[in-house]
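Commentary on secondary and tertiary structure
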There are 2 protein chains.
Amino acid sequence: MSVAVVHRVELTGGFWADRVRINREHTIPHGFEQLGKAGNLHNLRLAAGAEGEYRSPDALPFLDSDVYKWLEAVGWELGRAPEPGLASAADEVIALVAAAQRPDGYLNSYVQVVGGGVPYRDLSWGHELYCLGHLIQAAVAWHRALGDDRLLTIALRAVAHVPDDIIDGHPNIEMALVDLGRITGERRHLTMAARMLELRGHGTLPAARFGAAYWQDHEPVREASSVAGHAVRQLYLDCGAVDVAVELGDDRLLAAVRRRWDDMMRTRAYLTGGLGSRHRDEAFGDPYELPPDRAYAETCAAIANVMLARRLSLATGEAGYADAIERTMFNGVLPGIALNGTEFFYTNPLQRRTHRAPGGTGQRQPWYRCACCPPNLMRMLSTWEQHLATYDDSGIQLHQYASADLRTPATLLRMRTGYPWDGRITVHVAETPAQSWTLSLRVPRWSRSATLTGPDGTHTVDAGVVKRHRRWQPGDVVELSLDQPARITEPDPRIDAVRGCVAVQRGPLVYCIEAADAPPRTEIEELTCDPRRELTPVPRPDIAEAMVGIDVPMTGGRTAGAIPYFAWANRGPGGMRVWIPA
Amino acid sequence: MSVAVVHRVELTGGFWADRVRINREHTIPHGFEQLGKAGNLHNLRLAAGAEGEYRSPDALPFLDSDVYKWLEAVGWELGRAPEPGLASAADEVIALVAAAQRPDGYLNSYVQVVGGGVPYRDLSWGHELYCLGHLIQAAVAWHRALGDDRLLTIALRAVAHVPDDIIDGHPNIEMALVDLGRITGERRHLTMAARMLELRGHGTLPAARFGAAYWQDHEPVREASSVAGHAVRQLYLDCGAVDVAVELGDDRLLAAVRRRWDDMMRTRAYLTGGLGSRHRDEAFGDPYELPPDRAYAETCAAIANVMLARRLSLATGEAGYADAIERTMFNGVLPGIALNGTEFFYTNPLQRRTHRAPGGTGQRQPWYRCACCPPNLMRMLSTWEQHLATYDDSGIQLHQYASADLRTPATLLRMRTGYPWDGRITVHVAETPAQSWTLSLRVPRWSRSATLTGPDGTHTVDAGVVKRHRRWQPGDVVELSLDQPARITEPDPRIDAVRGCVAVQRGPLVYCIEAADAPPRTEIEELTCDPRRELTPVPRPDIAEAMVGIDVPMTGGRTAGAIPYFAWANRGPGGMRVWIPA
């Protein structure tokens, strides 16, 4: 067998269980409320025949996609455990989507209500296939998690309506079609995705304001050597490319994505894993153009990179991809959602000044006019436990650490940890087949000295993947111990925007200093850190249970408190910085 | 009498005479050609009744304004000296504008051809009063320079059509109306401008994507303490505010603009005088948010600040405003136009990387889809000599330095200088009345030791304004000698984006290092300068006659050649930086 995701995972407590619970109990219900308020559901009702005015701020044509992303998250959550309130809300929305679909299978509220009912007239900006991709992804979730094929039926009718010679300005449909093909077993869905990838990159879409690179139509997908243009578009496109490459055994295509990804992570990724430095076109900038204050670092781009790195991890087994997932989840994705689960950031700057330009609050918002990020966070958190482990004929591979019970057809592992606050992870073998197999664990690259203790004693292990092959017994315990002292990080000297600064990290977490933790009567802009003095981890129960902050020495003998970057902007306005002048 | 501009100025040679000549002989004829190619004239023909499709990339509604700015420049040039080719082109365009005007006086090709002929339907984005403002400014130029009132007749009919309770999303009409009132002597034009200023700042325009601050509708004009939003809009608005304040003797309004201007120059201006650091909404950023690579620094914003500083200089006589005009003209405006006069920059970054994001050339363009900057440069250069000097009952004030003959009703001064390459300025008194009067000269703040030599000997003078009151005789000579060694400038420590860097300046000029002048086989990103070693001025005839470059010592004993920033990007692509890591 090839490698498979361990789907039967139960988060049993600790950091991730808590975040996933908040998503389920607060974020997703909040999403349903907001989809009602913002008009998304209203617009589907209009498409289904109700009377009224289409509601879309700035005439955004992709509001249906927010509904589908929400449905996808609900599907995964109902698969985790029943929840009557969510189920009945979802039933209502699924019925609405079904009612909105035209007899010919076409389904897009914007085109049906505002666009004169003429499909595919504006492939560049219309987002029709993008929305359909999200519908498919929701359908896949409901099929996989619940065996409920109501959405799948709708999606298949909608897909049948799509001409086979078009591409969308916003990729997404490609990876969705591959996943659909995996369920239906029909080759044509894969073929359609592959064809879309080949059509792209030849100036296929009409020239527009931001140029062909904006939607990756400037160079063929298998030739472009660097990421370009709109970050989410590039990353969704490359997700589709990996999926197609894996299904077709197309090594050249896979190699092209890996090359781009390596280059991107080396030259265009923020320390937080954030991607896309430009506000104007939500785009990747020049190599090393990584301003902390004007970082765009859209929450969706971080989510998209977790999706892409996961695909590359599955395709290659290399630990670097799981390292990137970890960095990005903690420091690129989580900052997009408040600790309470109901306020969001669309962009994730690494610096906020005390005094700001008039207009705009710089604060988390309960929803956005363009609300792609909040429901994207919902579906990401609903599937987080699917990132923890994989298995194949040789054994089980642990990629991410959280307290969870992991079940494969023949084994049950109980993983327990205080991660990310504590670097010890224990794995109890609860059930195991009689024959020998290999347990693999990722040793993160940030770890400078790690040890593994098991039935054969304690050994130092290097960053990468550590493997233990044996005839496991029920009751065996393995403990991975990752040192995680607070550490100072100097930036790459080619990053002009943070020259002369340092950042503070601990374990997988990037830290920041907020105004609330600056010395009294001191603005964040006046601080200069003294990296020769010692960093001191300190408990921060004022912000979250078990949270570890770091006291950072400043010049003049003062100290400022750093907290994990993901927890910033939960205490009102005020300055913040990740990179601190040294 | 109050202070008046010395209009009878003849540039006799040297730096500015050359730039003004290139504008007249190359840039303005190029503009006529481009207005033909881009569709601006075509669209006016449609408004006049011809058949055809309206041409406007991205449906920009303000293409008429480019025509008016061009006409304004031509008016000033024909006032300088006849030029039959330009005159006949202008006659053709004026006739076209006259033919496009509706019988009721309304005139806007976009609204007449595309917008169903319904005026003022989209005050936020329609730019109708903005275009009208430019028409008025062209009319004023033709009236003042030539006594030709063809455009004035058209403008007055168009103004009569404007309701008195509206404002435009893009200010400009306000200052134009004040100028119109100065010509017509009619109070209602001034009153109209004053009313528009009072209406603004109360959320008068409908809420839109970038928020009310984008068009300065978030706070009343006389209350806002800082500049905000779209830079050109803010600066044009404040030009109108100064004009109204001066005409009405409204000191509170004038004080509000001065307060904003001081704050802007202290917290939001680039070393080059460039303004507006954000691409997304062409807006001012937070205080000290001044990225060199992503500097927007629109050419029009620099021009607008010269216009504003000139008004503040006339209103107050303070030398700081003339200092800002000098810095901005040399380093903020001139970089927007190639040395050959026919290629332009819309944005003026202070850094260009060797390796760049796909899409976009980073090179000067012969024209832009949104072509506000090129004709704005034309009218700015056509009026440059009006910035040199003013006079009043007490005497003559010299603000800017260039070789020129300056004539007031009773005096003729012959100013001669090798400025900006050489810091000596001699002023010959050729004609003078018998009674005594005061000659004032600005001593730029960048000058660290300056001397003034005149009939009463040689004296050291401080930065600011130096005055010499005497009974002048024909043949008297005054020489101002400004030291201008090459100097290293450290940035304000609050500017995060250039921490650890220095800039090189000499006299009024900011310098930059281009790839072409880096040591062999060295990318611009690898350079680190050694500010302890000496800077060496060197002739650079390879770029322009008389140009002085500076050899800048780098670490490792190497040297890189710096050239004036205004002359960058005239030798093809390649990296460039103003701020150099030290």
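The structure under discussion appears in the preceding block.
Note that this is a predicted model, so its numbers are computed, not measured.

**Topic: the relation of the copies chain A and chain B**
Overlaying chain A on chain B yields an RMSD of 0.0 Å, the required transformation being a rotation through 180 degrees with an accompanying axial translation of 0.1 Å. As the rotation angle and translation indicate, the two copies are arranged about a two-fold axis. Distance from the rotation axis, computed per C-alpha, reaches its smallest value in chain A at A:Arg280: 2.0 Å. An overlap of 97% is found between the interface residues of chain A and their copies at the interface of chain B, pointing to a shared contact surface.

**So, unusual backbone geometry**
Geometrically, the link from A:Tyr419 to A:Pro420 is a cis peptide bond, its omega value of 0 degrees lying close to zero. Following the sequence through the fold, A:Pro420 ends up in the loop between β7 (412-417) and β8 (424-431). Within the chain, B:His127 stands out as a residue other than glycine whose phi angle is a positive 60 degrees. We classify B:His127 as buried; its relative accessible area is 5%.

**Here's the deal with the packing of helix α10 (residues 231-248) of chain B against helix α12 (residues 299-316) of chain B**
All names here are of chain B. Orientation of α10 relative to α12, taken along the N-to-C sense of each, is 20 degrees, at an axis distance of 9 Å. One element, α10, and the other, α12, form an angle in the roughly parallel class. Crossing handedness for the pair α10 and α12: left-handed. Only Cys300, Ala301, Ala304, Asn305, Met307, Leu308, Arg311, Leu312 and Ala315 of α12 make contact with α10, whose side of the interface consists of Ala231, Val232, Leu235, Tyr236, Asp238, Cys239, Val242, Asp243 and Val246. Counted by class, the contact of α10 with α12 contains 14 nonpolar, one polar and three charged residues.

**Some thoughts on the packing of helix α4 (residues 84-100) of chain B against helix α7 (residues 150-160) of chain B**
Residues and elements named next belong to chain B. Axis separation between α4 and α7 bottoms out at 10 Å; the angle between their running directions is 20 degrees. One element, α4, and the other, α7, form an angle in the roughly parallel class. Crossing handedness for the pair α4 and α7: left-handed. Side by side, α4 and α7 meet where Asp91, Ile94, Val97 and Ala98 of the first sit next to Arg150, Leu151 and Ile154 of the second.

**Considering the sheet that holds strand β4 (residues 389-392) of chain B**
All names here are of chain B. Taken in spatial order, the five strands make up an open sheet running β1-β4-β5-β9-β12, and their pairing is mixed. Each having just a single partner strand, β1 (4-5) and β12 (464-470) make up the two edges of the open sheet. When β1 meets β4, the two strands line up antiparallel, connected through two bridges. Bridged to Ala4 within β4 is Tyr391. With respect to the sheet, helix α13 (residues 319-333) is in contact with β9 (437-443) and β12, its orientation differing from that of β9 by roughly 50 degrees.

**Details of the interface of chain A and chain B**
Counting residues at the interface gives 34 residues for chain A, matched by 33 residues for chain B. Across the contact surface, chain A and chain B share ten salt bridges. Linking A:Arg353 and B:Glu289 is a salt bridge whose minimum nitrogen-to-oxygen distance equals 4.0 Å. Our count for the contact surface shared by chain A and chain B stands at ten residue pairs in polar contact (both at pLDDT 80 or more).

**Points about the sheet that holds strand β10 (residues 450-454) of chain B**
All names here are of chain B. The strand order β2-β6-β7-β8-β13-β10-β11 describes an open sheet built from seven strands, whose pairing is antiparallel. At either margin of the open sheet sits one strand with a lone partner, and together these are β2 (8-13) and β11 (457-461). The average undirected angle you get between the axes of adjacent strands in this sheet is 15 degrees. Here four bridges tie β10 to strand β13 (residues 477-482), and the two strands are oriented antiparallel to one another. Considered in β13, the bridge of Thr453 is made with Glu479.

**A closer look at the pattern of salt bridges**
This model, assessed by the stated rule, comprises 91 salt bridges over all chains. Here A:Arg268 ties to A:Asp263 by a salt bridge, and the two come within 3.4 Å at their closest N and O atoms. Residues A:Arg268 and A:Asp263 agree in their burial class; the two are buried. Of the charged contacts, one joins B:Arg21 and B:Asp18 as a salt bridge, the two residues approaching to 2.8 Å between their closest N and O atoms.

**Concerning the environment of B:Ser481**
Residues and elements named next belong to chain B. One can find Ser481 in strand β13. Judged by its relative accessible area of 22%, Ser481 falls in the partly exposed class. The sequence separation of Ser481 and Val461 amounts to 20 residues, and the corresponding C-alpha distance is 9.5 Å. Dropping the residues within four chain positions of it, Ser481 is found in contact with Gly423, Arg424, Ser449, Ala450 and Thr451.

**Let's talk about the nonpolar core**
One recurring pattern in soluble globular proteins is that nonpolar side chains are buried together. Ranked by size, the top nonpolar core spans 194 residues in total, and within it A:Leu71, A:Leu135, A:Ile136, A:Leu388, A:Leu398, A:Leu441 and A:Val578 carry the most contacts. Counting residues in hydrophobic clusters, the runner-up holds 193 residues, among them B:Leu129, B:Leu308, B:Met378 and B:Tyr565.

**A short note on helix α8 (residues 173-184) of chain B**
Each full turn of the α-helix corresponds to 3.6 residues, which orients residues three or four apart in the same direction. Residue and element names in this part refer to chain B. Here α8 contains twelve residues, and its C-alpha end-to-end distance of 16 Å stays within 8% of the 16 Å for a straight helix at 1.5 Å per residue. Across the twelve residues that make up α8, a large majority, nine, are buried. Every buried residue of α8 is accounted for by Ile173, Glu174, Met175, Ala176, Leu177, Val178, Asp179, Leu180 and Gly181. In this structure, the buried side of α8 is in contact with α6 (128-146), α7, α9 (187-199), α10 and α12. Backbone geometry just downstream of α8 places Gly185 in the positive-phi region, at approximately 70 degrees.

**Comments concerning the environment of B:Gly229**
Residue and element names in this part refer to chain B. As for its position among the elements, Gly229 is in the loop between α9 and α10. Separated by 225 residues in the primary sequence, Gly229 and Gly454 place their C-alpha atoms 48 Å from one another. The residues contacting Gly229, other than those within four sequence positions of it, are Ala213, Tyr214, Gln216, Glu282, Ala283 and Phe284.

What counts, and where the lines are drawn
Along every chain, residues carry numbers that run from 1 in the direction the sequence is written. A letter from A marks each chain and a number from 1 marks each ligand, given out in the order of writing. At least 70 in pLDDT is required for a residue's local features to be given in this predicted model, at least 80 for side-chain atom pairs to be given and counted, and no such filter applies to totals for whole chains, interfaces and linings, which use all residues. Think of the side-chain values as coming from all heavy atoms in the structure, minus any hydrogens and water. For the least-squares superposition of copies, only C-alpha atoms count, and only for residues with pLDDT at least 70 in both. Every residue pair with non-hydrogen atoms within 4.5 Å of one another is taken to be in contact. Here a helix means four or more residues in a row that DSSP labels H or I, a strand means two or more in a row labelled E, and each is numbered from the N terminus. Categorising residues by exposure relies on relative accessible area from a 1.4 Å probe, with only protein chains included: less than 20% of the type maximum marks a residue as buried, more than 50% marks it as exposed, and the intermediate range marks it as partly exposed. Note on geometry: axes are lines fitted to C-alpha atoms, helical ones only across the stretch in contact, with angles between N-to-C directions running from 0 to 180 degrees. For classification, angles of less than 35 degrees are called roughly parallel, those exceeding 145 degrees roughly antiparallel, those between 65 and 115 degrees roughly perpendicular, and all remaining angles oblique. A crossing counts as left-handed when the near helix is turned anticlockwise from the far one by less than a right angle, and as right-handed when that turn is clockwise. Basically, the charged four are Asp, Glu, Lys and Arg, the nonpolar ten are Ala, Val, Leu, Ile, Met, Phe, Trp, Tyr, Cys and Pro, and anything else, Gly included, counts as polar. By definition, two strands form a pair when at least two bridges between them are found by DSSP. Salt bridge criterion: a side-chain nitrogen from Lys or Arg within 4 Å of a carboxyl oxygen from Asp or Glu. Pairs of N or O atoms within 3.5 Å make up the polar contacts considered here, provided that, within protein, one atom can donate a hydrogen while the other can accept it, and that residues adjacent in sequence are counted only when both atoms are side-chain atoms. By nonpolar core is meant a set of buried Ala, Val, Leu, Ile, Met, Phe, Trp, Tyr and Cys residues that side-chain atoms within 4.5 Å join together. Expected span of a helix: the number of residues minus one, times 1.5 Å.

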